[in-house]
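Overview (structure and organization)
If you want the building blocks of each chain, they are given just below.
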Amino acid sequence: MQNDFFNLEEQKTRQLEGFQDAVKHAYENSPFYRRTFDENNIQPEDIKELEDVVKIPFTRKSDLREAYPYGMAAVPLEKILRIHASSGTTGKPIVAGYTKKDLEFWAEGVARICEMAGVKPSDIAQVSFGYGLFTGGFGLHYGLEKLGATVVPFSSGNTERQLTLMKDFKTSVLVCTPSFAIYMSEVARELGYEPSEFGLKIGLFGGEPCSEAMREDIEKQWGLKATVNYGLTEVIGPGVSGECTESRGMHILEDLYYPEIINPETGITLPAGEKGELVLTPLFKEGFPIIRYRTGDITRLIPETCPCGRTTRRMDYITGRSDDMIIIKGVNIFPSQIEEVLAGFREVSPHYRLVLHKQKGFIKDLEVQVELTPEGFSDRFRELEALEGRIRRHLRSTLSLAPRIKLMEPKSLERTTGKAKRILESEEL
Ligand code: ADP
Ligand code: ZN
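These figures come from a predicted structure and were not determined experimentally.

Tracing the backbone through its elements, the reader meets Arg294 in strand 12 (residues 293-302). When its relative accessible area of 12% is taken as the criterion, Arg294 is described as buried. A distance of 2.7 Å separates the side chain of Arg294 from the side chain of Glu277, its partner in a polar contact. Excluding residues that lie within four positions of it along the chain, Arg294 makes contacts with Phe58, Thr59, Arg60, Ile262, Pro264, Glu277, Leu278 and Val279.

Here it is, written out as structure tokens:
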């Protein structure tokens, strides 16, 4: 298996060659890219240096939606062994097809991510991501198998049974969304178990943002080492980047995926270390190649090398996806900003929801519904009112806008076994 300690010069050369091959394959085999490149007067030979990649137009989510279902294919369909589709968190699903080679590279990449997180062939890993069109379940499944770990393919849902088997099977690695890990610890306690006695050692979490507060909560509850990994269907699925045990950002498998950070408004590449939109190009993909994909995810590339010694660059945790950005009264807000403020209050739980009150399609008002912890819950109206006021003031100074706050009773907000749905819309007449 490829490791993540490269000679930097060699790495650049390999990336350039990989990019050139990816562009050539797309140009020669994908009608979509043939047309796009021709329209922009680009030939594969124009990519002589890595700096030349900016000549290639971006691929956007809308391009993939228009290509539904098979418009992005660059091989005859009989060479496609598997199809996945994005979970459709935002809008119409996006289809991805994988050849044998794609599946092999994907599994190997995920295996490397798991290894970086400290997973060993002796581990028993429960995959509690959904199995199905969503890439999470199968992605982690084959990666963990490739690594040699024992896989328990539970899939999502059925929380009580998950817990029973986890205990009986002596599961050491838990794979799921951070929201589900929190929910499972709540259910475990309700059933009278002490989560830290399950013996979980490592958590592989992904699919949605995991704030520091959530990470701490999960680690404390389960007594495990939480690691975060990142990926997306359009590019491959999970396994694009992941944390080593230093927990300081996610190493990108740079020999497989070429990262760029751009200003989301101008499309211009940003200097190293600046925060912007992540653009990714998988360098090996055969079935549904994709070049310079605008992920919509906001992050930065960390310029310093990691104390672990791996030479692959790290990306910072995702602070938001551009689809989730809320524009209200001219102010741009990411749910993660609200989450960070809420995390500072011990009276509230990590569960919250944002309700966008709309009028004629515009967001008129933002309501933050936040759940109290049992300790934070009080019968005294005054105390709750004071808490509400404090939360509101903190949010106002962070967001430059004062949302409505609604304190909810403990355990009243809906729990999820997959990705948390934080944003709701309500149209007012
Ligand atoms: P969907 O767009 O329907 O959610 P995917 O299942 O392909 O489809 O999800 C990919 C998206 O999930 C990413 O673009 C990103 O926004 C989010 N995501 C995945 N992993 C992480 C992570 N570790 N941190 C934050 N967001 C993540
Ligand atoms: Zn590291």
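When we look at burial in helix 2 (residues 31-39), the residues that qualify are Phe32, Tyr33, Thr36 and Phe37. Viewed along the axis of helix 2, the buried residues span an arc of 115°, placing them on a single side of the element. Looking at helix 2, the residues exposed on the side facing more than 90 degrees away from the buried face are Pro31 and Glu39. Contacts from the buried residues of helix 2 go to helix 1 (8-29) and helix 3 (61-66). In the segment just after helix 2, Asn41 is the residue with positive phi, at about 55°.

This paragraph deals with the environment of Gly276. Mapped onto the fold, Gly276 is located in strand 11 (residues 275-282). For Gly276, the residues in contact, after removing those within four places along its chain, are Ile261, Ile262, Pro264, Leu270, Asp297, Ile298 and Thr299.

Take empty space enclosed by the protein next. Here the structure, examined in full by the defined rule, presents one cavity of 30 Å³ or more. Size it by volume and the largest cavity reaches roughly 50 Å³. What lines the largest cavity is Leu64, Met72, Ile94, Val95, Ala96, Glu234, Lys285, Phe288, Pro289 and Ile290. Classifying every residue of the lining of the largest cavity by side-chain character gives eight nonpolar, no polar and two charged.

For the rest of this paragraph, the subject is the pattern of salt bridges. A side chain with one charge may pair with a side chain of the opposite charge, provided their charged atoms come close. Under the criterion given, the structure shown has 24 salt bridges. Of the charged contacts in the structure, one is a salt bridge between Asp4 and Arg112, with a shortest N-O distance of 2.8 Å. Of the two residues, Asp4 sits in the segment before helix 1 while Arg112 sits in helix 4 (residues 100-116), which places them 108 residues apart along the sequence. Take Asp4 and Arg112: they sit in the same class, and that class is buried. A salt bridge links Arg112 to Asp255; its shortest N-O distance comes to 2.9 Å. Here Asp255 lies in the loop between strand 9 (250-252) and strand 10 (257-262) and Arg112 lies in helix 4, a separation of 143 residues in the sequence. You'll find Arg112 and Asp255 in the same group, each marked buried.

Here the focus is the packing of aromatic side chains. Centre-to-centre distance and the angle between the planes together describe a pair of aromatic rings. Taken as a whole and assessed by the stated rule, the structure comprises 13 aromatic pairs. Ring geometry for Tyr193 versus Phe198: centroids 5.5 Å apart, planes at 85°, classification edge-to-face. Judged by relative accessible area, which is 28%, Tyr193 ranks as partly exposed. Here the aromatic rings of Phe198 and Trp222 are separated by 5.4 Å at their centres, their planes lie at 85°, and the arrangement is edge-to-face. Separated by 24 residues along the polypeptide, Phe198 in the loop between helix 7 (178-190) and strand 6 (202-206) and Trp222 in helix 8 (residues 212-222) bring together distant segments of the chain. Like Phe198, the residue Trp222 is buried in the burial classification. Clustering of aromatic rings is evident, with ring pairs tying together Tyr27, Phe32, Tyr33 and Phe37. Over the ring of Tyr193 we find Lys167, and its NZ or CZ is 5.1 Å from the ring centre.

This next bit is on the nonpolar core. One finds Leu144, Trp222 and Tyr257 to be the most contacted residues of the largest nonpolar core, which totals 90 residues. When sequence neighbours within four positions are dropped, the list of residues in contact with Leu144 reads Cys114, Val119, Ala125, Val127, Ala149, Val151, Val175 and Leu204. Judged by nonpolar contacts, the second largest core, of 26 residues, contains Ile326, Tyr352, Ile363 and Leu387.

How big an interface is tends to be stated in terms of accessible area lost as the parts join. Domain boundaries in the chain define domain 1 (1-322) and domain 2 (326-428). Taken together, the contacts link 25 residues of domain 1 with 14 residues of domain 2. Between domain 1 and domain 2, the buried area comes to about 1400 Å², and carbon and sulfur atoms account for 58% of it. Interface area lost by domain 1 to domain 2 is led by Tyr183, Glu186 and Thr319, which between them contribute 24%. Scanning the region where domain 1 abuts domain 2 turns up two salt bridges. Residues Arg415 and Glu186 are paired through a salt bridge, measuring 2.8 Å at the closest nitrogen-oxygen approach. When residues of the side of domain 1 that touches domain 2 are traced back to their parent elements, those giving at least two are helix 7, helix 8 and strand 14 (320-321). At six residues, the largest contribution of residues to the side of domain 1 that touches domain 2 is made by helix 7. The residue makeup of the side of domain 1 that touches domain 2, split by class, is seven nonpolar, 13 polar and five charged.

Put simply, side chains in a regular strand alternate between the two faces of the sheet. Most of strand 6 is tucked away: five of the five residues are buried. Of the two faces of strand 6, the one lined by Ile202, Leu204 and Gly206 and the one lined by Gly203 and Phe205 are each fully buried. Relative to strand 6, strand 5 (residues 173-176) runs parallel, the two sharing four bridges. When the bridges of strand 6 are listed, Leu174 appears paired with Gly203. Between the parallel elements strand 5 and strand 6, the chain passes through helix 7 in a crossover that is right-handed. One ladder, built from five bridges, connects strand 6 with strand 7 (residues 225-232); its direction is parallel. Counted as the bridge partner of Phe205 is Val228 from strand 7. Each parallel crossover has a hand, and the one from strand 6 via helix 8 to strand 7 is right-handed.

Basis of the calculations
- Residues numbered from 1 in each chain as written.
- Chains lettered and ligands numbered in written order.
- Predicted model: local features only at pLDDT ≥ 70, side-chain atom pairs only at ≥ 80, totals over all residues.
- Heavy atoms only, no water.
- Helix = DSSP H or I, 4+ residues; strand = E, 2+ residues; numbered from the N terminus.
- Buried < 20%, exposed > 50% of the residue type's maximum accessible area, 1.4 Å probe, protein only.
- Polar contact = N/O pair within 3.5 Å; in protein donor to acceptor, adjacent residues only side chain to side chain.
- Contact = heavy atoms within 4.5 Å.
- Arc of directions from axis to C-beta.
- 1 Å grid on protein atoms, 1.4 Å probe; cavity = no way out; pocket = protein on both sides within 12 Å on 5 of 7 lines; lining within 4 Å.
- Points joined across faces, edges and corners; volume = space filled by probe spheres on them.
- Nonpolar A, V, L, I, M, F, W, Y, C, P; charged D, E, K, R; others polar.
- Salt bridge = Lys/Arg side-chain N within 4 Å of Asp/Glu carboxyl O.
- Phe/Tyr/Trp six-rings, centres within 6.5 Å; stacked < 30°, edge-to-face > 60°.
- Lys NZ or Arg CZ within 6 Å of the ring centre and 35° of its normal.
- Core = buried A, V, L, I, M, F, W, Y, C linked by side-chain atoms within 4.5 Å.
- Domains from an automatic or database assignment.
- Buried area = accessible area lost by both parts, 1.4 Å probe.
- Pairing = 2+ DSSP bridges.
- Right-handed = clockwise from strand over helix to strand, strands pointing away.

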